[in-house]
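# Architecture at a glance
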Amino acid sequence: MFQWTEKYQPQQDWVTFIIVLIFMLCVVLFRNNTHRFKLLVSFWEFRSYINIYDKEKFSNPLHYFNLILTLISLTSFSVMVYFFYDKLLMSMFGKLSFLTFLTFISGVVIGRYWILRLIFKVSGNLELFQQTVFRSLSLYVTISLHGLLLFSFYYYRFFYEPNLLLILLIFIFCALFVSHLSIYLKIIGMKFDYSIYLILYLCAFKLAPWLWLYHSIF
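Residues numbered from 1 in each chain as written. Predicted model: local features only at pLDDT ≥ 70, side-chain atom pairs only at ≥ 80, totals over all residues. Heavy atoms only, no water.

## Brief notes about a nonpolar patch on the surface
The grouping of Val20, Phe23, Met24 and Val27 at the surface amounts to a nonpolar patch, some 370 Å² of accessible area in total. By secondary structure assignment, the location of Val27 is in helix α1 (residues 11–32). Exposure remark for Val27: the relative accessible area of 32% places this residue in the partly exposed category. (Patch = residues over 30% accessible without salt bridge, like charges linked within 9 Å, V, L, I, M, F, W, Y side chains within 5 Å. Areas by Shrake-Rupley, 256 points an atom, 1.4 Å probe, with all protein chains shown as cover. Salt bridge = Lys/Arg side-chain N within 4 Å of Asp/Glu carboxyl O. Helix = DSSP H or I, 4+ residues; strand = E, 2+ residues; numbered from the N terminus. Buried < 20%, exposed > 50% of the residue type's maximum accessible area, 1.4 Å probe, protein only.)

## What to know about the environment of Leu116
Note that Leu116 resides in helix α6 (residues 98–122). According to the relative accessible area criterion, Leu116 is buried, its value standing at 2%. Here the alpha-carbon distance between Leu116 and Phe129, two residues 13 residues apart in the chain, equals 8.0 Å.

## Description of the nonpolar core
In terms of nonpolar packing, the biggest core is built from 44 residues, with Tyr49, Ile72, Phe83 and Phe151 touching the most fellow members. With 11 residues, helix α5 (residues 64–93) is the single largest residue contributor to this core. Excluding residues that lie within four positions of it along the chain, Phe83 makes contacts with Trp14, Val15, Leu88, Phe151, Tyr155, Phe159 and Leu165. Tyr113, Leu116, Phe120 and Val133 belong to the second largest nonpolar core, which has 5 residues in total. (Core = buried A, V, L, I, M, F, W, Y, C linked by side-chain atoms within 4.5 Å. Contact = heavy atoms within 4.5 Å.)

## Regarding the packing of helix α3 (residues 46–53) against helix α7 (residues 126–157)
Relative to each other, α3 and α7 sit at 140°, their axes nearing to 11 Å. The orientation of α3 relative to α7 falls into the category oblique. Helix-helix and strand crossings are classified by hand; for α3 and α7 the assignment is right-handed. Listed contacts from α7 to Phe46, Tyr49, Ile50 and Tyr53 of α3 are Phe134, Arg135, Ser138, Leu139 and Thr142. Classifying every residue of the contact of α3 with α7 gives 6 nonpolar, 2 polar and 1 charged. (Axes fitted to C-alpha atoms, helices over the stretch in contact; angles between N-to-C directions. Parallel < 35°, antiparallel > 145°, perpendicular 65-115°, else oblique. Left-handed = near helix turned anticlockwise from the far one by under 90°. Nonpolar A, V, L, I, M, F, W, Y, C, P; charged D, E, K, R; others polar.)

## Structural notes on the confidence of the model for the chain
Confidence along the chain averages 77 in pLDDT terms, with 77% of residues attaining 70 or more. The lowest-confidence element of the chain is helix α9 (residues 194–217), averaging 58 in pLDDT; the highest-confidence one is helix α2 (residues 34–40), averaging 91. Note that residues 1–11 has pLDDT below 50 and, in this model, 6 contacts with residues that lie over four places away or in other chains. (pLDDT = per-residue confidence, 0-100.)

## Some remarks on the packing of aromatic side chains
Under the definition given, this model contains 15 aromatic pairs. With a centroid separation of 5.3 Å and 40° between ring planes, the pair formed by Tyr49 and Tyr53 is classed as tilted. One end of the pair, Tyr49, and the other, Tyr53, are both in helix α3, 4 residues apart, so they sit about a helical turn from each other. Put simply, the rings of Trp14, Tyr82, Phe83, Phe151, Tyr154, Tyr155 and Tyr156 touch in pairs and so form one group of aromatic residues. A cation sits over an aromatic face here: Arg36 above Tyr53, 5.2 Å from the ring centre. (Phe/Tyr/Trp six-rings, centres within 6.5 Å; stacked < 30°, edge-to-face > 60°. Lys NZ or Arg CZ within 6 Å of the ring centre and 35° of its normal.)

## Focus on the environment of Gly147
Among the secondary structure elements, Gly147 is positioned in helix α7. Along the backbone, Gly147 and Leu169 are 22 residues apart, and their C-alpha atoms lie at a distance of 8.2 Å. Non-local contacts of Gly147, meaning those with residues more than four positions away in its chain, are made with Met80 and Ile172.

## Quick word on α6
When the terminal C-alpha atoms of α6 are compared, their 36 Å separation across 25 residues agrees well with the 36 Å that a helix rising 1.5 Å per residue should span. Looking at α6, one finds that the buried residues are Phe98, Phe101, Ile105, Ser106, Val108, Arg112, Tyr113, Leu116 and Phe120. Two residues or fewer after α6 comes Gly124, characterised by a positive phi angle close to 80°. (Expected span 1.5 Å × (residues − 1).)

Put into structure tokens, the structure is as follows:
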């Protein structure tokens, strides 16, 4: 007699664990500073969030709140990038693990931060750099959390629809591009001379590391 059988997917365990871990980290941040976390995850309140928390005591990337946000962002984007690779590119390049993506992406982000911090400190524009990093991190976290929510819906409902995953990731990275473009335009509007540092930041440290990472993996 016909009977339903459950199809086991070995990758489900670790993906669920990652999603639950990120949720738990969000709960920690929510309980620690409810008002800040609520503003952060609300797109329509992002300007208010920046106005309130873009202060030295809150914007330091090594502040525990920001460190947890960085972990959430890196892990969330690593999961989504891994599935983009696993579903759409693996047949061309061979198998790579999620930990490989997490390690490479984290290494690029952390290494780039300390190199840029040194450069901007020497040039006397450390305050500008810190503000840019804080706003960029805030946008990454906001978009990554909403993106992970959409990814979770895809993962548990449309696991065998790679085209839907591609559309989802294009939407997420377009949101990242537009939001970061607004930050850079605002910096140029503050002082046109900053455009020199902005070009250095975008070409040498925003784009080049990811191109190097792409060629290293593929």
